[in-house]
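Working through the structure, step by step
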Amino acid sequence: MSTELAQMLHRIGHHGRVAADVETLFALHQAWRHTVPYENLDIQLGRPIALDAEAIFDKLVRRRRGGYCYEQNAGLATLLRLTGFQVTMVEAAVLRATRGEAMWGNHNALLVDLDGRRWLADAGIGDGFVQPLPMREGPHAQGRLTYRLEQLDPDTWRFHHHPGGTIASYDFRLRPRDIADFAARSRDMSTSPTSAYVTTLMAARPIAGETLILLSRTLRRLGADTSSPRTITDVDDFARTLSTHFLVPLDDLGPDGVARLWQQTGTQDDLWRARVRNTS
């Protein structure tokens with residue numbers, strides 16, 4: 001076992017057997033989803049997002065941080081490939097069904113070929129599936145939640161989220177892509193003042209059949225039975241939430257990182273309330 005693989009397995013807390021088989025695929029995907037949080041805190045702090053292999057390994061593994069879709073799936077792809085899986089990164093388009101062709105490239109996903117079967121793997125949707133989905137049309141139940149795959153044409157599929165998910169669907173193509181192919185789109189999504197990743201702090205992590213979602217200062221539990229949102233009221237509660245619920249090492253945010261994020265999320269919540277008042 002390589003040192004890099006050993007470090008990645010330690011990062012996600014996987015201590016069982018490792019082999020290029022279905023059991024390991026499910027175990028690694030699930031462990032990654034539970035321990036590597038989906039989050040855009042570096043974007044909120046104005047830090048550049050680097051997609052090269054060393055930067056992603058350093059951030060997600062050595063520094064025990066999380067990231068957003070491009071980072072998440074690049075990291076997961078590395079783990080699976082080091083384990084011996086055949087992994088193809090593909091281009092995806094969140095909300096293409098309603099917003100059209102311009103959505104291509106705003107997401108990436110992974111296809112894993114194993115013993116004549118193909119699986120969809122994805123750690124880049126905050127409240128996405130915890131276990132890989134078999135590439136087969138129709139519903140796929142995981143616990144109390146049901147997802148669905150639809151083949152649109154020979155080279156294009158659509159993933160349908162469960163009702164109440166943060167997105168309705170995303171499409172993906174089967175043609176292989178490299179993480180470098182997403183660099184330009186990532187720069188735009190992580191720096192444009194109109195990007196949701198710039199205007200809204202986001203963090204998510206699946207816990208016990210639900211997904212905890214933090215949007216600015218609002219904490220929600222999403223699942224089959226969605227609970228009422230809770231507003232975080234002070235900076236200490238905010239820091240505890242990031243550290244305890246989303247496993248973010250606060251030291252990595254810098255000496256004033258938590259305070260800066262807390263100030264920014266207050267402005268974000270104020271903008272949300274203003275929009276609600278103006279549309280009510």
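Cut-offs and rules
- Residues numbered from 1 in each chain as written.
- Predicted model: local features only at pLDDT ≥ 70, side-chain atom pairs only at ≥ 80, totals over all residues.
- Heavy atoms only, no water.
- Salt bridge = Lys/Arg side-chain N within 4 Å of Asp/Glu carboxyl O.
- Helix = DSSP H or I, 4+ residues; strand = E, 2+ residues; numbered from the N terminus.
- Buried < 20%, exposed > 50% of the residue type's maximum accessible area, 1.4 Å probe, protein only.
- Expected span 1.5 Å × (residues − 1).
- Arc of directions from axis to C-beta.
- Contact = heavy atoms within 4.5 Å.
- Pairing = 2+ DSSP bridges.
- Polar contact = N/O pair within 3.5 Å; in protein donor to acceptor, adjacent residues only side chain to side chain.

Attention now goes to the pattern of salt bridges. Summed over all chains, the structure comprises 21 salt bridges. Residue glutamate 39 is joined to arginine 65 by a salt bridge in which the shortest nitrogen-to-oxygen separation is 2.8 Å. Here arginine 65 lies in the loop between helix H4 (53-62) and helix H5 (69-83) and glutamate 39 lies in strand E1 (residues 38-39), a separation of 26 residues in the sequence. In this pair, the class of glutamate 39 matches that of arginine 65, namely buried. Across the pair aspartate 237 and arginine 230 runs a salt bridge, and its minimum N-O distance is 2.9 Å. By relative accessible area, which is 12% here, aspartate 237 ends up buried. A single salt-bridge network, built from bridges that share partners, covers Glu39, Asp42, Arg47, Glu54, Asp58, Lys59, Arg62, Arg63, Arg65, Glu71 and Asp252.

With that settled, consider H5. At 3.6 residues per turn, the α-helix brings residues three or four places apart onto the same side. In this model H5 runs 21 Å from its N-terminal to its C-terminal C-alpha over 15 residues, within 8% of the 21 Å that 1.5 Å per residue would give. H5 sits mainly inside the fold: 12 of its 15 residues count as buried. When we look at burial in H5, the residues that qualify are Cys69, Tyr70, Glu71, Gln72, Asn73, Ala74, Gly75, Leu76, Ala77, Leu79, Leu80 and Thr83. Glycine 84 sits one or two residues past H5 and shows a positive phi near 115°.

Listing the buried residues of helix H1 (residues 3-11) in full gives Leu5, Met8, Leu9 and Arg11. Projection of H1 onto a plane perpendicular to its axis shows the buried side chains occupying an angular sector of 155°, all on one side. Away from the buried face of H1 by more than 90 degrees, exposed residues Thr3 and His10 are located. Where the residues of H1 are buried, they touch helix H2 (22-35), H4 and H5. Within two residues after H1, glycine 13 carries a phi angle of roughly 70°, on the positive side.

Moving on, we come to unusual backbone geometry. For leucine 95, which is not a glycine, the phi torsion comes out positive at approximately 65°. Unlike most non-glycine residues, serine 216 shows phi in positive territory, near 55°. By secondary structure assignment, the location of serine 216 is in the loop between strand E11 (210-215) and strand E12 (218-222).

With that out of the way, let us pick up the pairing of strand E6 (residues 138-142). Direction of pairing for E6 relative to strand E7 (residues 145-153): antiparallel, over a ladder of five bridges. Bridging across to E7, glycine 138 finds its partner in leucine 149. Between E6 and the antiparallel strand that follows it, E7, lie two residues; glycine 143 among them carries a positive phi value of about 65°.

Note that histidine 29 resides in helix H2. Among the polar contacts made by the side chain of histidine 29, one reaches the main-chain amide nitrogen of aspartate 122 at a distance of 3.1 Å. A polar side-chain atom of histidine 29 sits 2.6 Å from the main-chain carbonyl oxygen of valine 130. With sequence-adjacent residues up to four places away left out, histidine 29 is seen in contact with Leu76, Ala121, Asp122, Phe129, Val130, Gln131 and Pro132.

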